[in-house]
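Architecture at a glance
Below, each chain spelled out in residue letters.
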Amino acid sequence: MKVLPQLFENNRRWAADIVRADPAFFENLARQQAPEYLWIGCSDSRVPANAIVGLPPGELFVHRNVANLVIHTDMNCLSVVQFAVEVLKIEHVIVCGHYGCGGIRAAMENRSHGLIDNWLRHIRDIQRKRMDELTRIADEGGRLDRLCELNVVEQVANVGNMTAVQEAWQQGQPLTIHGWIYGISNGRLKDLGVCVSSAAELRMLEDG
Ligand code: CO
């Protein structure tokens, strides 16, 4: 029995459309990848990395997890960043959060969600650190959205502190980390203005 036939049909049409426009597209892509950007985003199905920034296959190296977290000991994320920076020589790392993030909403709730609470613990740490600012926001939705933004800022700093990134900067390799947020209700990206391109800029970001 053929499973999920609709998805295979979609795929057949998608590949055919691309080949019609550029017959050598997949052959060229199979030889090498040279993406310019690393995207670190949320797993949320409403935040499809390539589609949002209008980039075809081959132009975006992607890492996604729940709530776009960059954890100092996460071998998965560390490996992605190291490969992107050292091998692919990517010059732009984009940390992209999104408003209304379910992971962040879950972290703000005072109830158990099982195993994922261990992962969401990292967001609660940011919430505690930024408690003064967050409690000044009267409505719950506003607090959630602000924590979505603050989470991006924190993850930009975490990327900056990764050994692969620190070494790249020491060697004079151009590398910029950007902090963006995406609106799932309007499809628009917003630059949070926390871009860092050196160890000195990272210190400025961390000193707030
Ligand atoms: Co999310």
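Above this text you will find the structure in question.
Residues numbered from 1 in each chain as written. Predicted model: local features only at pLDDT ≥ 70, side-chain atom pairs only at ≥ 80, totals over all residues. Heavy atoms only, no water.

Notes on the sheet that holds strand β2 (residues 60–65)
A sheet is described by the order of its strands in space; here five strands give the open sequence β2-β1-β3-β4-β5, paired in mixed fashion. A strand with exactly one partner marks an edge of an open sheet, and here the two such strands are β2 and β5 (189–191). Going across the sheet, the axis of each strand differs from the next one's by a mean of 25 degrees, ignoring polarity. Here strand β1 (residues 37–42) runs beside strand β3 (residues 92–98); their pairing, made up of five bridges, is parallel. The residue of β3 that forms the bridge with Y37 is H92. (Pairing = 2+ DSSP bridges. Helix = DSSP H or I, 4+ residues; strand = E, 2+ residues; numbered from the N terminus. Axes fitted to C-alpha atoms, helices over the stretch in contact; angles between N-to-C directions.)

Some thoughts on the coordination of the cobalt ion
Within the first shell, the cobalt ion binds the protein through C42 (SG), H98 (NE2) and C101 (SG), at distances of 2.0 to 2.3 Å. For C42, a relative accessible area of 5% gives the class buried. Of the residues examined, H98 reaches a relative accessible area of 1% and is grouped as buried. (Donors = N, O, S within 2.8 Å, 3.2 Å for Na, K, Ca; no water. Buried < 20%, exposed > 50% of the residue type's maximum accessible area, 1.4 Å probe, protein only.)

A few points about the pattern of salt bridges
A complete count under the given rule lists ten salt bridges for this structure. Residue R12 is joined to E9 by a salt bridge in which the shortest nitrogen-to-oxygen separation is 3.0 Å. Highlighted residues: R12 and E9, both in helix α1 (residues 5–21), separated by three residues, approximately one helical turn. Overall, the relative accessible area of 48% leaves R12 in the partly exposed class. When its relative accessible area of 30% is taken as the criterion, E9 is described as partly exposed. The partner of R146 in a salt bridge is E149, with the nearest N and O atoms 2.7 Å apart. Within this pair, R146 and its partner E149 are both found in helix α8 (residues 140–160), separated by three residues, close to a single helical turn. Several salt bridges share partner residues, and in doing so they unite E133, R146, E149 and K190 into one network. (Salt bridge = Lys/Arg side-chain N within 4 Å of Asp/Glu carboxyl O.)

Here's the deal with a nonpolar patch on the surface
Nonpolar side chains collect at one region of the surface, where V3, L4, L7 and F8 lie side by side and expose about 420 Å² of accessible area between them. Relative to the helices and strands, L4 is located in the segment before α1. A relative accessible area of 57% places L4 in the exposed class. (Patch = residues over 30% accessible without salt bridge, like charges linked within 9 Å, V, L, I, M, F, W, Y side chains within 5 Å. Areas by Shrake-Rupley, 256 points an atom, 1.4 Å probe, with all protein chains shown as cover.)

Comments concerning the nonpolar core
If you look at the biggest cluster of nonpolar residues, it comprises 27 residues, and the most contacted ones within it are L38, V81, V159, V165 and I177. Broken down by secondary-structure element, the contributors of at least two residues to this core are β1, α4 (75–87), β3, α8 and α9 (163–170). Look past the residues within four positions of L38 in its chain and what remains in contact with it is F61, V62, H63, V80, V81, A84, I90, H92, V93 and I94. Core analysis: the second largest hydrophobic core is formed by 18 residues, C101, I104, L120 and I123 among them. (Core = buried A, V, L, I, M, F, W, Y, C linked by side-chain atoms within 4.5 Å. Contact = heavy atoms within 4.5 Å.)

Comments concerning α8
Counting along an α-helix, one turn takes 3.6 residues, and residues three or four places apart therefore face a common direction. For α8, which comprises 21 residues, the first-to-last C-alpha distance of 30 Å matches the rise-based estimate of 30 Å (1.5 Å per residue) to within 8%. Within α8, 15 of the 21 residues are buried, which leaves it mostly tucked inside the rest of the structure. (Expected span 1.5 Å × (residues − 1).)

Section: the side chain of N65
Within the secondary structure, N65 sits in strand β2. Separated by 3.5 Å, the side chains of N65 and H63 make a polar contact. Dropping the residues within four chain positions of it, N65 is found in contact with G41, C42, S43, D74 and W119. (Polar contact = N/O pair within 3.5 Å; in protein donor to acceptor, adjacent residues only side chain to side chain.)

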